[in-house]
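Okay, here's what each chain looks like letter by letter:
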Amino acid sequence: TAQAAPVQPQVDPVVEAFLRDEHTSNAPAYFVRACSSRMPSAVGLAAKVPVPLGFVFQPLAPVDGQWNVPSVSFRNAPGTIVRCKKCKAYMNPYVTWSHNSRRWNCNLCGYNNETPSNYQSFLDDQGKRGDRGERPELLYGSIDYLSPGEQYCARPPQPPVFIFVIEVGYTAVQSGFLDAVAAGLKQVIADRSYPGGARTKMAIVTYDTSVHFYKLGANLSQPQMVVVSDLEDMFLPLAEDILVSAEECENTILTLLDTLPGMFRSTKLNESCLGSAVRAAEIATKHIGGRMMIFSSMIPTLGEEKLTLKPTREQSKSSAQADKEAELLRPAILGYIDKAQALSGVQSTVELFVAPQSYVDLASLRPLAELSGGDVHYYPQFNCQQQGEKVQQEIVHTMTREMGWEAVMRIRISRGWKLSQYYGHHQRRGQDLLVMPSCTSDQTFTVVAEMDEGTAPDPVVTVQCALLYTNSSGERVIRVHTYGCLTVQSPQEVVNHVDPQAVAVTLGHLMMETQRPPREAKLAEARNYLNQMCQKVVAAAQNSPNAESLMTIPLYILGLLKSPALRASNDTPVDLRGYFWSRLGSLSVPLTVAFCYPRMFALHDLDMATGEAGDEGRIVLPQTLNLTAQCMVGHGVFLIEDGHQMMLWLGRQVSPDFLFSVFQVQAIEQLDPNAAAELFAPANIGAATDPLAIKVQNIIGAVRSERLPYMRLEIVRQQLDQGETKFFQYLVEDRTLGLQMSHQEFLQRLGHRPAGTAAAAGTPQRGY
């Protein structure tokens, strides 16, 4: 008898179409990262998945030059942006068509919509639109709609507005912070590298124990200062020329920035009225909004929202004490939360630059930036010689990156699912409207999805992020990112398609959630949460073909536990810990990964190609090393970077030839670390003539260019500089201060048992 032919498995046509088109139909990873590209099909399966199911969005993320977001213009055709009439989702590649394209089904809510007559076309034999190659919104997961202004604008489009609120007290002057701020602002204004061109407006307010306004009219030979000393009843003392055109009044603005450091050089005033200065800036710009860049160096003890130095809050070294550490990370007063909400209501965002010499209660100040859609920049123990370049470069980056003004965002998910938690720097209004008066290319938002028990999910789960904003040219734009995931019948299938980096970002947010009201748990509980999640991942990895990828999640979490954000040690001032919590709240996926697991390179044995431009013109970097001292040698030179700063470690036995070629010294004892670091400042990159020095400069310059904003370089010599301890804290696979546990010991405690004979504790394992 003839043997029966094997039965071919039936393929769902929806699944087949998804797998065929997902590369173009899904938004690129620049913009959207899913914790897993497969989602469970039932609540019971979801409960067995050991990782959170979430999505990380960076809506305005910079992309490489090989690809740009396609745009569709509806400026001359009001009302023709096609959206679902029920859930308001935007047209995207996952909708389905019927009746020869006269009707379409929304892939998020399932509603059957009528297609506008001017949007109809024929369907091919697969039911796809025949004109999809001519309509980017039907082909690509990321799209820009250039909208008709009257349809998506409550007022004329906002111009780019920058108001600089600068502290001029004794601490800011003597540390050089005021000089660094003035230099950074002058660079951007003189180069006209700010966005918006002739549309851009600027204002300057300074403050110490009073608030100083400046008249900046173009017809003035020099700026005029007016002082307001009544800090409790702030008012606008000038009727005009406070907020002025950046181009028309460029000379007046530059003149003021040139003279500011000298004007206050001999000041003895050493108190701050920051809250009143913020109120002054709000009054000056409330009719228009904008980006408020605040520069502060000490705790505000005067005027509105003053902070009192209480013993429980001024002990900045006590952040490791279990009974105080969590309390010190929470605001002492709610005033700056209220201010952030008020500023958001008038389309103003705060970018907060803090350069203190001592404790400033950053926990109370940082909501001012976070809840208005901005970021915190922190420079502890500020020294202009060492950190001035970083301040200047971060000012330049803050003012020149892509920005969306008066922005709002909604994230929708298809039926059968709901979004339960939202993270990032924004205000949330209602159930799902995220408000960011100014959204930038750096900002990242994370959502956690949960299954809706009352509704069965579709075969393809779709999430869509729509950011409505005004670009710096005055156009109203809707940037839409759509991302689809297949539903599967097995939790193991979900695990097999996990993105460890997106999971690490999401776990970081869920960890910080344990510290928010009304929970207000101790930091030990945040650490315990991460340990418990790692335990689940390790257990799931034992039988997964994706084990090697999964096991990077505990490695990232170990790095987070050993970082200044979480490590249980007395070397982390509470303001510094609070800064890193703030930074993690809106950090991109690549920068979060770098923070958890930095990159280390050896620079002492470069081959011919390394440090030179490769085939695509990019500098070839050395191979990355495991973060363990076992990868280091006493005659070596090692560069480490975590996306925030770089450190260069020089071994005591480093070659005299290397020292002379790169630093022009013949012995390591002759090297001045601060002067040596200046050789790698942006202005000096490319100035070297020695071939080895050129390679080292190229590598450091290339690493810097991959990480924005600017990373300062610190050089430490083995057994000669105190900073060496800090370098070894980056080696997260070894035992470190705050967590005396190696990577292998950590895994063993979580229940991991490597195949074959167990390796000695502390030995780095790859392949697991």
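Residues numbered from 1 in each chain as written. Predicted model: local features only at pLDDT ≥ 70, side-chain atom pairs only at ≥ 80, totals over all residues. Heavy atoms only, no water.

> It is not clear to me how the overall build of the chain should be interpreted in this structure. Could you clarify?
Per the secondary structure count, the chain includes 24 helices and 27 strands. Taken over the C-alpha atoms alone, the chain extends approximately 100 × 70 × 55 Å along its principal axes. In the chain, which comprises 768 residues, the share counted as buried stands at 59%. Restricting the contact set of the chain to residue pairs at least 6 apart, pairs at least 24 apart contribute 73%. Total accessible area computed for the chain in this model is approximately 30500 Å², and 48% of it derives from carbon and sulfur atoms. Across the chain, the mean location of the 66 positive side-chain charges is 6 Å away from that of the 77 negative side-chain charges. (Helix = DSSP H or I, 4+ residues; strand = E, 2+ residues; numbered from the N terminus. Buried < 20%, exposed > 50% of the residue type's maximum accessible area, 1.4 Å probe, protein only. Contact = heavy atoms within 4.5 Å. Areas by Shrake-Rupley, 256 points an atom, 1.4 Å probe, with all protein chains shown as cover. Lys, Arg positive; Asp, Glu negative; His and termini not counted. Charge placed at Lys NZ, Arg CZ, Asp CG, Glu CD.)

> What's the story with the sheet that holds strand β5 (residues 96-98) in this structure? I'm lost.
Adjacent strands of a sheet pair through backbone hydrogen bonds, lying either parallel or antiparallel. Pairing is antiparallel in the open sheet, where 3 strands are placed in the order β5-β6-β7. Across the chains shown, the open sheet's two edge strands, defined by having one partner strand only, are β5 and β7 (112-114). Strand-to-strand twist across the sheet, computed as the mean angle between neighbouring axes with direction ignored, equals 30 degrees. The pairing of strand β6 (residues 103-105) with β7 spans 3 bridges and is antiparallel. When the bridges of β7 are listed, R103 appears paired with E114. (Pairing = 2+ DSSP bridges. Axes fitted to C-alpha atoms, helices over the stretch in contact; angles between N-to-C directions.)

> I would appreciate a short explanation of unusual backbone geometry in the present structure.
Trans peptide bonds make up most of the peptide bonds, and negative phi angles are found at most residues other than glycine. Residue P709 is bonded to the preceding L708 through a cis peptide linkage, with omega at 5 degrees. Tracing the backbone through its elements, the reader meets P709 in the loop between α22 (691-706) and β27 (712-717). Not every positive phi belongs to a glycine, and N100 is a case in point at roughly 55 degrees. With respect to the helices and strands, the residue N100 is situated in the loop between β5 and β6. Positive phi, close to 75 degrees, is recorded for S101, a residue that is not glycine. Tracing the backbone shows S101 in the loop between β5 and β6. When its relative accessible area of 0% is taken as the criterion, S101 is described as buried.

> Would you mind going over the pattern of salt bridges with me for this structure?
A pair can form between side chains of opposite charge whenever their charged atoms are brought close. Applying the stated criterion across every chain, the model contains 30 salt bridges. Residue R129 pairs with D131 through a salt bridge whose shortest N-O separation is 2.9 Å. Of the two residues examined, R129 and D131, each falls in the buried class. One salt bridge connects E641 with R707, and the closest N-O pair in it is separated by 2.9 Å. With E641 in strand β25 (residues 637-641) and R707 in the loop between α22 and β27, this pair connects stretches of sequence that are 66 residues apart. Among the charged side chains, a network of salt bridges with common partners joins R129, D131, R135 and E137. (Salt bridge = Lys/Arg side-chain N within 4 Å of Asp/Glu carboxyl O.)

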